[in-house]
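Here's the letter readout for the chains.
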Amino acid sequence: MSPTVFTIIISSLATGTIITMTSHHWLMAWIGLEMNTLAIIPVISTMYNPRSTEAATKYFLTQAAASAMILFSSMINSWQTGTWDITNLSYSPAHILLTTALAMKLGLAPMHFWLPEVLQGSTLTTALIITTWQKLAPMALIFMTLNNLSTTTLILLGLLSSIIGGWGGLNQTQTRKIMAFSSIAHLGWMTTIASIMPNIMILNLVIYMIMTTALFCSLILSKSKTIQDTTATWTLSPTLTTMMMILLLSLGGLPPLTGFMPKWLILEELVAQNLSPTATIMAMSALLSLFFYMRLTYTTTLTLSPNTAQAKFKWRFKPNRTTLLMWASSTISIFFLPLTPLITQ
């Protein structure tokens, strides 16, 4: 893809998200979502193989169906209430349609089936965009319509997503599919707390995006597409190996790393709202996710790939350079926990 075309596509992607996040009218939000979807399709299908074409088709069909449902819910709401204002969603069937559509957009269970398949068919860089930037517009719509959405429905969707996100990742060997199920689980945590404490949801979204960006940068640098590939990371850079280990543990939510902060705040708030059974199930589902993070940690740092004495290190014809984005996101993903009291004031 030429730099000019790539610049136009990425600009359209950013513009679509910003239009949705800043709009008050349902039609403008829908236009933003459509721009966003149409811009990412060429990026997914840049590999020119059947797998990426299939991934682009699946992504397009899912997102188009979800966008149509959003448009339909806003139309029946405006028909009943006489307004197209996003915050004034007071018609009950419109809530149900919108919740379903946004769950499909985000990849929440039980509308999550497209996400692992699409990530597996795209490159690691495209997978990074889908799991981070593409979540912003639907989350913005959830944030704007929170007063009208059903709390019970959101908690149930969140619970199911965190369980399936943990369960589904257990049997995976591809790093992109593991990151897809990791994304589903994290979005489940965000959805559970959304209607109870929106500020924690935003904090969780920001931290999730930073941690996912840091880990994807490490995977891109080490070209690790499968669990087996991660066993050879130490030959590339021992520093990178250590960073990946700590990042994976942070994603799993272990203290004293940054990933513990949103889980701690969410569980605390759920218990304060007398939702102890929900908090217990969420904590148990986090253990499922922690298992596959620990497995990746083990293969990355404690397993040596089979090699002969003559070929201990990888040939580096084109040595990759670590980027400022990678180091900045990695640092925040590891050392941010002590700032929790400052954030929660």
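See the structure printed just above.
So, how was this worked out
Residues numbered from 1 in each chain as written. Predicted model: local features only at pLDDT ≥ 70, side-chain atom pairs only at ≥ 80, totals over all residues. Heavy atoms only, no water. Helix = DSSP H or I, 4+ residues; strand = E, 2+ residues; numbered from the N terminus. Contact = heavy atoms within 4.5 Å. Salt bridge = Lys/Arg side-chain N within 4 Å of Asp/Glu carboxyl O. Buried < 20%, exposed > 50% of the residue type's maximum accessible area, 1.4 Å probe, protein only. Phe/Tyr/Trp six-rings, centres within 6.5 Å; stacked < 30°, edge-to-face > 60°. Lys NZ or Arg CZ within 6 Å of the ring centre and 35° of its normal.

1. With respect to the environment of I200
- As for its position among the elements, I200 is in helix α10 (residues 198-222).
- When the C-alpha atoms of I200 and A137 are compared, they prove to be 17 Å apart, with 63 residues separating the residues in sequence.
- Setting aside residues up to four positions removed in sequence, I200 forms contacts with I193, L265, I266 and E269.

2. Let's talk about the pattern of salt bridges
- Counting across every chain of the model gives three salt bridges.
- In this structure, E117 engages K177 in a salt bridge whose closest nitrogen and oxygen atoms are separated by 3.5 Å. Of the two residues, E117 sits in helix α5 (residues 114-121) while K177 sits in helix α9 (residues 175-194), which places them 60 residues apart along the sequence.
- On the accessibility criterion, E117 (26% relative accessible area) is partly exposed.
- On the basis of relative accessibility, which here comes to 16%, the residue K177 falls in the buried class.
- Through salt bridges that share partners, E54, K58, E117 and K177 make up one connected network.

3. Examining the packing of aromatic side chains
- Overall, the coordinates contain three aromatic pairs when judged by the stated rule.
- Taken together, a centroid distance of 5.6 Å and an interplanar angle of 70 degrees make the contact between Y59 and W114 edge-to-face. A residue pair is termed long-range when its members are at least 10 positions apart, and Y59 in helix α3 (residues 50-81) and W114 in helix α5 qualify at 55 residues. When sorted by exposure, Y59 lands in the same class as W114, which is buried.
- Geometrically, the ring pair formed by F260 and W264 is stacked, given 5.7 Å between the ring centres and 15 degrees between the ring planes. Taken together, the residues span about one helical turn, with F260 and W264 both in helix α14 (residues 260-272) at a distance of four residues.
- In this structure W264 comes out as partly exposed when scored by relative accessible area, which is 40%.
- Above the ring of W189, the side-chain terminus of K263 is found at 5.2 Å from the ring centroid.

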